[in-house]
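Overview (structure and organization)
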Amino acid sequence: MSKHWNIERRTFLRGAAGALIPLPFLNLMESAAGAASRDLAGKAKPPVRFVTLFKPNGVHPPSWNINGGVENDFRMSPLMQPFAKHKDDLLILDNMGDFGFSSHSNSTRRFLSGHHTNSKSASLDQLIADKIKGETAHRSLELTTDGLFTNQIGCSYISYDKKGAPIPRESDPQLVFDRLFRNPMYDPKQRGQITSLLDRVRDDARALQRKTGREDSETLDEYFTVLRETEQRLENMKPAAVPQGIDFSKLKRPESTSNLDEQVNAMLDIIAMALWTDSTRCISYMLGNSNSRMIFDFLGIKKQHHYLSHFFRNFSRSNIDALLKISLWHMEKFDRLLTRLKSYKDQNGSLLDHSVVLFGSGMGHSDNHTAQRIPIVLAGKGGGILKTGRYLRYSENQELGRLHLTLLQKFGVSEDTFANASAPLPGLDGGAFDEYHERPFDSWVKTGNGKITVQGRLRMSDDLDEAKIFYIDVKDKPTVRIDVSFRDFHKFNLAYHVGTPIVLSGNRSERKGQLVLTKVTDLKSLFGNSKPGGAKG
């Protein structure tokens, strides 16, 4: 084979019935790359991809938050353990979010639009898609696991067009696979009647393999194996069981997988394949609507996710266990995507090395919907635009719009402002940032006439048997227990102030010799905002 023989990056295998298969990057394509896409050493640079994975309904903060860690020395929290093996590929951000609590729909728009009032412009992913779409067959993909939540339609979308209108999502991995890897004119209803996609392009594939070197041949073998396994898994999915006594034969129903886990795994595999084949470079995927009513029966859970997420007002040990089981499942899906992206060779690195994956939620505390300490993790180096293996806890609360503005600029989008942000978020590339350091403060407690005032750092209980209980530690004195109604919890935004020093006043009692604050009458923050705002932000 001549070493000068090459093929274009946008090469497809072609077969009978109009079958088209896009290819992953091969060494044969490198010499065909344009000069604009080469690094300083003259090697062709792979494209940088952007992926978003949205987790619905916030988190249980004591299980998610990292406390006591610094930039290069931190221990990942219990909820992060499913993806802890990717630590060196992660950039974990803390103190993201800027006010008290918000609605589900506001939290959803905030995730990629910076602030819920940013309702007349495109979301982050769509602005990036316009910049990096290149000659890909698909400008972007907008995916979900959920249907529309019609009671509050804004909970169903994270991606918005240039006019701020929601972009429809796709939820069927079989149809997404067809759109990406089969002729668009093919009728999905006849899926079972066609032969294997690879069989239809085998002649073209064999011709290409005869021209490749050993490394490219191995890449193609791996690619064809993955494609065949994915296709077979999609076609072999069993439909959901039909309840007895109900005749569905007269109803038109789309094919469905046997459970949510199968559906999501298939979609994550397709996302990785779509990026690997350069079918698209920008994908957003919702693991559920904010305010999701999904029931995770395949995990043995019989209650709705949204109900369980309100773990203060619906507290029981079984409910909090179920909520954490769902959250761990979300984290496992993040791990699956990162593992897939790392497994695919992409020129001089892995697919993850040349991607930026944004994982997170639109709220922090799942019951109070805090827009503070919102879970945000970046994965992948983005071809060098991010420095990973770090934990960035900012000294002050940061609007999400600052993160979005930084990512826009890193992807080459010319924007000076985004949402409410006029300055980018520092530190993502390894540069200096103002790291959180707790200021010194005194702690004390005063009691009298059935009242109590206590100054100290507010924290949530780590004991899952008392997940609705708060504590304030007082130097050289017993800890004060905070056991109040949901009304006080919500009115005084207790969840917002967790981890910070406050002065809390209220009614008191005693339980086994321990002081207990049973009703809040006043709350003041020592260093922050005592009244950080409500649902309207």
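Each remark here, short or long, concerns the structure printed above.
Residues numbered from 1 in each chain as written. Predicted model: local features only at pLDDT ≥ 70, side-chain atom pairs only at ≥ 80, totals over all residues. Heavy atoms only, no water.

**Structural notes on the sheet that holds strand β6 (residues 141-144)**
- Pairing in this open sheet of 7 strands is mixed, and the strands run β6-β7-β3-β8-β10-β4-β11 from one edge to the other. Sheet topology places β6 and β11 (390-398) at the edges, where each strand pairs with a single neighbour. The average undirected angle you get between the axes of adjacent strands in this sheet is 15°.
- Across the face of the sheet, helix α2 (residues 104-113) comes into contact with β3 (49-54), β7 (282-286), β8 (355-360) and β10 (376-379) while running at roughly 165° to β3. (Pairing = 2+ DSSP bridges. Helix = DSSP H or I, 4+ residues; strand = E, 2+ residues; numbered from the N terminus. Axes fitted to C-alpha atoms, helices over the stretch in contact; angles between N-to-C directions. Contact = heavy atoms within 4.5 Å.)

**Things to note about the packing of aromatic side chains**
- In this structure the tally under the stated criterion is 15 aromatic pairs.
- Summarising the aromatic geometry, the rings of Tyr394 and Phe433 are spaced 5.4 Å apart at their centres and angled 65° between planes, so their arrangement reads as edge-to-face. Residue Tyr394 is located in strand β11, and its partner Phe433 is located in the loop between α11 (400-410) and β12 (444-448); the two are separated by 39 residues in the primary sequence.
- We classify Tyr394 as buried; its relative accessible area is 1%.
- For Phe433, a relative accessible area of 14% gives the class buried.
- Taking 6.0 Å as the distance between ring centres and 35° as the angle between the ring planes, the aromatic pair formed by Phe470 and Phe489 counts as tilted. Here Phe470, found in strand β14 (residues 470-474), pairs with Phe489, found in helix α12 (residues 486-491); they are 19 residues apart in sequence, far enough to count as distant. The residues Phe470 and Phe489 share a single accessibility class, namely buried.
- Put simply, the rings of Phe312, Phe470, Phe486 and Phe489 touch in pairs and so form one group of aromatic residues.
- Directly above the aromatic system of Tyr160 lies the positively charged group of Arg109, at a separation of 3.7 Å from the ring centroid.
- We note Arg393 situated over the ring of Tyr436; from NZ or CZ to the ring centre the distance is 3.9 Å. (Phe/Tyr/Trp six-rings, centres within 6.5 Å; stacked < 30°, edge-to-face > 60°. Buried < 20%, exposed > 50% of the residue type's maximum accessible area, 1.4 Å probe, protein only. Lys NZ or Arg CZ within 6 Å of the ring centre and 35° of its normal.)

**Describing unusual backbone geometry**
- Notably, Asp278 is not glycine yet its phi reads approximately 60°, a positive angle.
- By the element assignment, Asp278 lies in the loop between α8 (260-276) and β7.
- For Asp278, a relative accessible area of 0% corresponds to the buried category.
- Despite not being glycine, Asn449 shows a phi value in the positive range, around 55°.
- The topology assignment puts Asn449 in the loop between β12 and β13 (451-460).

**Observations concerning α2**
- The buried count for α2 comes to 10 of 10 residues, which makes it a mostly enclosed element.
- Taken residue by residue, α2 has His104, Ser105, Asn106, Ser107, Thr108, Arg109, Arg110, Phe111, Leu112 and Ser113 as its buried positions.
- Just downstream of α2, Gly114 is the residue with a positive phi angle, here 85°.

**Concerning the packing of helix α3 (residues 124-132) against α11**
- Look at α3 against α11: their axes get within 10 Å of each other, and the N-to-C directions meet at 5°. As far as their axial angle goes, α11 and α3 are roughly parallel. Facing α3, whose interface residues are Leu124, Leu127 and Ile128, α11 presents His404, Leu407 and Leu408.
- When its residues are assigned to classes, the contact of α3 with α11 shows 5 nonpolar, 1 polar and no charged. (Parallel < 35°, antiparallel > 145°, perpendicular 65-115°, else oblique. Nonpolar A, V, L, I, M, F, W, Y, C, P; charged D, E, K, R; others polar.)

**Some remarks on the pairing of β6**
- The alternating pattern of β6 places Leu141 and Leu143 on one face and Glu142 and Thr144 on the opposite face, and all of these are buried.
- Sheet topology places β6 next to β7; 4 bridges connect them, and they run parallel. The partner of Leu141 across the bridge, within β7, is Ile283.

**Quick notes on the pattern of salt bridges**
- Tallied over the entire structure, the rule returns 23 salt bridges.
- Linking Lys85 and Asp335 is a salt bridge whose minimum nitrogen-to-oxygen distance equals 2.7 Å. Here the residue Lys85 occupies a position in the loop between α1 (61-64) and β4 (90-96), and Asp335 occupies one in helix α10 (residues 317-343), the gap between them amounting to 250 residues.
- Residue class for Asp335 comes out buried when judged on its relative accessible area of 14%.
- Across the pair Asp278 and Arg281 runs a salt bridge whose closest N-O atoms are separated by 2.7 Å. Each member of the pair, Asp278 as well as Arg281, is classed as buried.
- Residues joined in a network through salt bridges with shared partners are Asp89, Lys342 and Lys381. (Salt bridge = Lys/Arg side-chain N within 4 Å of Asp/Glu carboxyl O.)

**A closer look at the environment of Leu299**
- Here Leu299 is to be found in the loop between β7 and α9 (305-309).
- When its relative accessible area of 18% is taken as the criterion, Leu299 is described as buried.
- As a C-alpha pair, Leu299 and Trp329 span 30 residues in sequence and 8.9 Å in three-dimensional space.
- Filtering out sequence-adjacent residues up to four positions away, Leu299 remains in contact with Lys325, Ile326 and Trp329.

**Some thoughts on the packing of α8 against α10**
- In contact at an axis separation of 9 Å, α8 and α10 are set at 30° when each is read in the N-to-C sense. Overall, the two elements α8 and α10 adopt an arrangement that is roughly parallel. The interaxial crossing formed by α8 with α10 has right-handed handedness. Where α8 approaches α10, its residues Leu260, Asp261, Val264, Asn265, Leu268, Asp269, Ile271, Ala272 and Leu275 are matched on the opposing element by Trp329, Lys333, Arg336, Leu337, Arg340 and Leu341.
- Looking at side-chain class alone, the contact of α8 with α10 contains 9 nonpolar, 1 polar and 5 charged residues. (Left-handed = near helix turned anticlockwise from the far one by under 90°.)

**Some thoughts on empty space enclosed by the protein**
- Counted under the stated rule, the structure contains 5 cavities of 30 Å³ or more.
- Taken as a whole, the largest cavity holds about 90 Å³ of empty space.
- Lining the largest cavity we find Val59, Pro61, Asn65, Gly364, His365, Thr370, Gln372, Arg373, Ala495 and Val498.
- Here the lining of the largest cavity is composed, by residue class, of 4 nonpolar, 5 polar and 1 charged.
- By volume, the second largest cavity amounts to about 50 Å³.
- In the lining of the second largest cavity, the residues fall into 8 nonpolar, 2 polar and 2 charged. (1 Å grid on protein atoms, 1.4 Å probe; cavity = no way out; pocket = protein on both sides within 12 Å on 5 of 7 lines; lining within 4 Å. Points joined across faces, edges and corners; volume = space filled by probe spheres on them.)

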